[in-house]
Amino acid sequence: MSINEKEKLILESIRDNPFIPQQELADTIGLSRSATANLISGLVKKDYLLGKAYVLNEEEPIICIGGANIDRRYLVKDKMIQGTSHNVQSRTNVGGVARNVAENLGRLEEKVMLFSVTGNDTEWKMIENQSEHFMNLKAVDRIEGCPTGTFMEVIDMNGEMVLGLAEVDIFDKMTPEWLSKHLSVLKRSKYIIVDLNCPKDTIEFLNSFAIKYNIPIALMTVSVQRLNNLPDYLGGIKVLVTKHNETAAYFDMEVETDEDLKNAVKKWLDKGPEHVFISKGNAKIAYGSQDDGVHIFNYSSEQDDRYNWGMNEAFCAGVVYSRLQGKSIPESITVGLTNAFQTSQSIYVVRPNLSKNQLQNEYNACLVDKTFYD
């Protein structure tokens, strides 16, 4: 069905901002609110729109739900001694597991939306400035009187975190009720990625929602403390990405050897997810599925100047991106490993040189050099 110039203006405005208030939309196109509402109703009947929040019929974004915060890291230059000060190198980055995954995918030219909550403060402005080029931020709500989430960690000479502090109470506001205004967008998503910064009932709601609408969903853990947000049953979860120390705490078991990792993967699979990945620092990732058994993938490089932060997010983004491109599970795992490995070579949580062509070239090189082995 053909549309007129005013209808085209409406579609262009909604494409830029799916959550634009109707009065603002009316002001933009120069019509009354009632006239604008009639045009929107007509566009819905013509199948150009799916209703509020005015979802364009061609839009199928990847939606990342969870943390968007500021990370402050202090890299200790000498041996740690209790009770005294140390010389450090400090770095402040935009972070948050869901936000980091979203930036990885955005740099890979995927259409991504971030759902999160922040304060209306300078930290939010930093997040906005560094994120808006890679993802749609219209579903990030700014809450007056609440500070944007911040995370601080101290890293020793061996690259291990010795202290972590988090001020993230604001994430408890990501409730199912908060999500309810975004349901029309969620229904159109081609993949949902959620992290454990979200409350338990929100994750349970999202898992049921994804099952109902046949949307693949990935779940990422974020810390030992946030494991209390993990649902008891994970059936319906397509991909679970976690770390060995979080797994050890959750199951109250040792997770150090390859045999430990394999046993841990099996324990996670017993809870219902289809695919499970457990990372162990920057050394290896254990993988298991309901159909393919359990495998350990090692990084062959022995370089010392490597960093753990951002690796799981890079890995998850690589796997999801590859699966959406139609690659097999083994191919997707290798792409994810490639992105994680290259991220570990960067001081940044999301490496700034990431692109589709860059990742493809790195993937090809890894196949030749056998950077990873099982």
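Going by the structure above, here's the rest.
Residues numbered from 1 in each chain as written. Predicted model: local features only at pLDDT ≥ 70, side-chain atom pairs only at ≥ 80, totals over all residues. Heavy atoms only, no water.

Peer 1: Before we move on, could you go through the overall build of the protein and cite the residues and values that matter?
Peer 2: Scanning the protein from terminus to terminus reveals 13 helices and 14 strands. Over its C-alpha trace the protein gives a radius of gyration of 22 Å, about what one expects of a compact globule, namely 21 Å for 374 residues. In terms of overall dimensions, the protein has C-alpha extents of about 70 × 50 × 40 Å along its principal axes. Looking at the protein as a whole, 53% of its 374 residues qualify as buried. Long-range pairs, those at least 24 residues apart, make up 64% of the contacts in the protein with a sequence separation of at least 6. Only carbon and sulfur atoms are counted for the fraction: they give 46% of the accessible area of the protein, which is about 17000 Å². Treating the 40 positive side-chain charges of the protein as one cloud and the 51 negative ones as another, the clouds have centres 5 Å apart. (Helix = DSSP H or I, 4+ residues; strand = E, 2+ residues; numbered from the N terminus. Rg over C-alpha atoms; globule rule 2.2 N^0.38 Å. Buried < 20%, exposed > 50% of the residue type's maximum accessible area, 1.4 Å probe, protein only. Contact = heavy atoms within 4.5 Å. Areas by Shrake-Rupley, 256 points an atom, 1.4 Å probe, with all protein chains shown as cover. Lys, Arg positive; Asp, Glu negative; His and termini not counted. Charge placed at Lys NZ, Arg CZ, Asp CG, Glu CD.)

Peer 1: Explain the pairing of strand β1 (residues 62–65) to me, and be specific about the residues and the numbers.
Peer 2: Neither face of β1 is exposed, since I62 and C64 on one face and I63 and I65 on the opposite face are all buried. Pairing geometry for β1 and strand β4 (residues 112–119), over four bridges, is parallel. Counted as the bridge partner of I62 is V112 from β4. Sheet topology note: the β1/strand β8 (residues 191–195) ladder contains four bridges and is parallel. Within β8, the position partnered with C64 by the bridge is I193. (Pairing = 2+ DSSP bridges.)

Peer 1: Residue-level account of unusual backbone geometry, with values.
Peer 2: In this structure, N214 takes a positive phi of about 55 degrees despite not being glycine. For N214, the position within the fold is in the loop between α8 (200–212) and β9 (217–220). Residue N214 is classed as exposed on the basis of its relative accessible area of 71%. Despite not being glycine, D252 shows a phi value in the positive range, around 55 degrees. Following the sequence through the fold, D252 ends up in the loop between α9 (244–251) and α10 (258–270). What makes D252 exposed here is its relative accessible area of 72%.

Peer 1: Tell me about the sheet that holds strand β2 (residues 69–76), and name the residues and values.
Peer 2: Spatial strand order, β3-β2-β6-β7: four strands in an open sheet with mixed pairing. Both edges of this open sheet fall to β3 (88–95) and β7 (161–167), since each of them pairs with a single strand only. Adjacent strand axes in the sheet meet at a mean angle of 15 degrees when their direction is disregarded. Looking at chain direction, β2 and strand β6 (residues 150–155) are connected through six bridges and run parallel. Paired with R73 across the bridge in β6 is E153. (Axes fitted to C-alpha atoms, helices over the stretch in contact; angles between N-to-C directions.)

Peer 1: Tell me about a nonpolar patch on the surface, and please be specific about residues and values.
Peer 2: Taken together, the side chains of M80, V162, L163 and L165 define a hydrophobic patch exposed on the protein surface, amounting to about 320 Å² of accessible area. By relative accessible area, which is 42% here, V162 ends up partly exposed. (Patch = residues over 30% accessible without salt bridge, like charges linked within 9 Å, V, L, I, M, F, W, Y side chains within 5 Å. Salt bridge = Lys/Arg side-chain N within 4 Å of Asp/Glu carboxyl O.)

Peer 1: Outline the packing of aromatic side chains, listing residues and values.
Peer 2: Given two aromatic rings, one states the distance between the centres and the angle between the planes to describe the pair. Counted according to the given criterion, the structure contains nine aromatic pairs. Both rings, one in Y299 and one in F341, keep their centres 6.1 Å apart while their planes meet at 20 degrees; by these two values the pair is stacked. Of this pair, Y299 sits in strand β13 (residues 293–299) while F341 sits in helix α12 (residues 329–344), and the two are 42 residues apart along the sequence. Assigned by exposure class, Y299 and F341 land together as buried. An aromatic cluster of at least three residues, connected via ring pairs, comprises F205, F209 and Y213. Above the face of the Y348 ring, R91 is positioned so that its terminal group lies 5.1 Å from the ring centre. (Phe/Tyr/Trp six-rings, centres within 6.5 Å; stacked < 30°, edge-to-face > 60°. Lys NZ or Arg CZ within 6 Å of the ring centre and 35° of its normal.)

Peer 1: For the packing of helix α4 (residues 97–107) against helix α11 (residues 311–324), give the residues involved together with the corresponding values.
Peer 2: As a packed pair, α4 and α11 sit with axes 9 Å apart at the nearest point and diverge in direction by 50 degrees. As judged from the angle between their axes, α4 and α11 are oblique. In this structure, α4 meets α11 at a crossing whose hand is right-handed. In this structure, α4 uses V97, N100, V101, N104 and L105 to contact α11, whose residues at the interface are E313, A314, A317 and Y321. Here the contact of α4 with α11 is composed, by residue class, of six nonpolar, two polar and one charged. (Parallel < 35°, antiparallel > 145°, perpendicular 65-115°, else oblique. Left-handed = near helix turned anticlockwise from the far one by under 90°. Nonpolar A, V, L, I, M, F, W, Y, C, P; charged D, E, K, R; others polar.)

Peer 1: Residue-level account of helix α5 (residues 122–131), with values.
Peer 2: The complete set of buried residues in α5 reads W124, I127, E128 and S131. Down the axis of α5, the sector holding all buried residues measures 100 degrees, keeping them to one side. Packed against the buried residues of α5 are β2, β3, α4, β4 and β5 (140–143). (Arc of directions from axis to C-beta.)

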